[in-house]
Amino acid sequence: EFLYQIQKFNLTQPEKINDIILVSWDVVAMFPSIDNVMGLKACHDLLEKRDVLFPSTTSILEATRITLENNISYFNNVAFVQNNGTAMGPHNACSYADIAMHPIDHVINNNKDFSIALWCRFKDDIFCPWTMGLEKLQEFHAWINSLHPKIKFTMNYAEDPQEGIEYLDTRVYIKNSFIHTTLYTKPSDTHAYLNPNSCHPKHVCSNIPQGVAKRIKRICSEESEYLKHKLSHIDHFVNRGYNRDFITTEFDKCDDLDRLDLIGDPEISFNVESKESGRRVPLVLDFHPSYAGASRAVNKHKNLLDLDDSLRD
């Protein structure tokens, strides 16, 4: 969605780009800093907007409260119970944190004193192309840090718009009156892709290169940046033991893809109907090379399932 919003900003507000300050914010220790009362209220308000209130809002909130109030950890043989905020490990932690931050996002986006052109938040990382000057930016920073006693933001901005600023796995910069993005990787990134000799189904390793190539194509708004990162990542795969000709072929398949098609439109939802009708019970097996004939064996003898009325249905 971030790349789509940048593309949309370029098209709808081009007159503002030359005056932009590229800014990123970080929510300090977001997960443990979210007050339980604040988080549960945000969840309640969102759950009550459902068309179908099942499971009940009460039961979902009760389950959420259990995960919040029973997070126990040990340090030096001493047990600690987290009494506020959420741990990062539970399956619901990311969704809970996003929902809890939504009211703050809403207040920020609807403040008339600061006309926010774009506020892109992913978890605790935020990007904003600022259009009101540095003095107003400092004022805005102080204001958002006053919205909640425990939710605090740190700020970083690009002094040179052509050099840009890092946000997630992108570097955002301004060139020729357009906001551009290119791939960013941390210096500590070893690009340790799955070894092709690893004990995984063959298609797993063979699909990784094209997935990486599409990601680079999607992120890089300039062709020169795409080609630069394409060559460097081919070398990364070769260093992991992949065949250079195979990797090059997989990356070449992405050369003619339309970047806008890869970005897509997050505002469009697709209703995909399952091709399977009725009840289906999956057979899940741990992978091992010696199981190569397992699917053939099941398909060969699945007529035996039809001998039982309940299995046939």
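Up top you'll find the structure we're talking about.
Residues numbered from 1 in each chain as written. Predicted model: local features only at pLDDT ≥ 70, side-chain atom pairs only at ≥ 80, totals over all residues. Heavy atoms only, no water.

Caption draft 1: Layout of a negative patch on the surface. On the surface, a cluster of negative charge is contributed by E159, D160, E163 and E166. Inspection of the secondary structure assignment puts E159 in the loop between β6 (153-157) and β7 (165-167). For E159, a relative accessible area of 74% gives the class exposed. (Patch = residues over 30% accessible without salt bridge, like charges linked within 9 Å, V, L, I, M, F, W, Y side chains within 5 Å. Areas by Shrake-Rupley, 256 points an atom, 1.4 Å probe, with all protein chains shown as cover. Salt bridge = Lys/Arg side-chain N within 4 Å of Asp/Glu carboxyl O. Lys, Arg positive; Asp, Glu negative; His and termini not counted. Charge placed at Lys NZ, Arg CZ, Asp CG, Glu CD. Helix = DSSP H or I, 4+ residues; strand = E, 2+ residues; numbered from the N terminus. Buried < 20%, exposed > 50% of the residue type's maximum accessible area, 1.4 Å probe, protein only.)

Caption draft 2: Here's a closer look at the pairing of strand β3 (residues 78-81). Summarising the sheet, strand β2 (residues 72-75) and β3 pair through four bridges and their orientation is antiparallel. Note that in β3 the partner of I72 across the bridge is V81. (Pairing = 2+ DSSP bridges.)

Caption draft 3: The arrangement of the packing of aromatic side chains in detail. Summed over the entire model, instances satisfying the criterion amount to 15 aromatic pairs. A centroid spacing of 5.3 Å and a plane angle of 40° characterise the contact between W25 and W119, whose relative ring orientation is tilted. Remark: W119 occurs in the loop between α5 (93-109) and β4 (120-122) and W25 occurs in strand β1 (residues 21-27); sequence separation between them is 94 residues. Taken as a pair, W25 and W119 share a single burial class, namely buried. Aromatic side chains W119 and F153 sit 6.5 Å apart centroid to centroid with 65° between the ring planes, which places their arrangement in the edge-to-face category. Taken together, the positions of W119 in the loop between α5 and β4 and F153 in strand β6 put the pair 34 residues apart, joining distant regions of the chain. (Phe/Tyr/Trp six-rings, centres within 6.5 Å; stacked < 30°, edge-to-face > 60°.)

Caption draft 4: Main features of the packing of helix α3 (residues 36-47) against α5. One way to put it is that α3 packs onto α5 with a least axis distance of 8 Å and a crossing angle of 90°. When the interaxial angle is binned, α3 and α5 end up roughly perpendicular. Side by side, α3 and α5 meet where N36, M38, G39, L40, A42, C43 and L46 of the first sit next to Y96, I99, A100, P103 and I104 of the second. The residue makeup of the contact of α3 with α5, split by class, is 10 nonpolar, two polar and no charged. (Axes fitted to C-alpha atoms, helices over the stretch in contact; angles between N-to-C directions. Parallel < 35°, antiparallel > 145°, perpendicular 65-115°, else oblique. Contact = heavy atoms within 4.5 Å. Nonpolar A, V, L, I, M, F, W, Y, C, P; charged D, E, K, R; others polar.)

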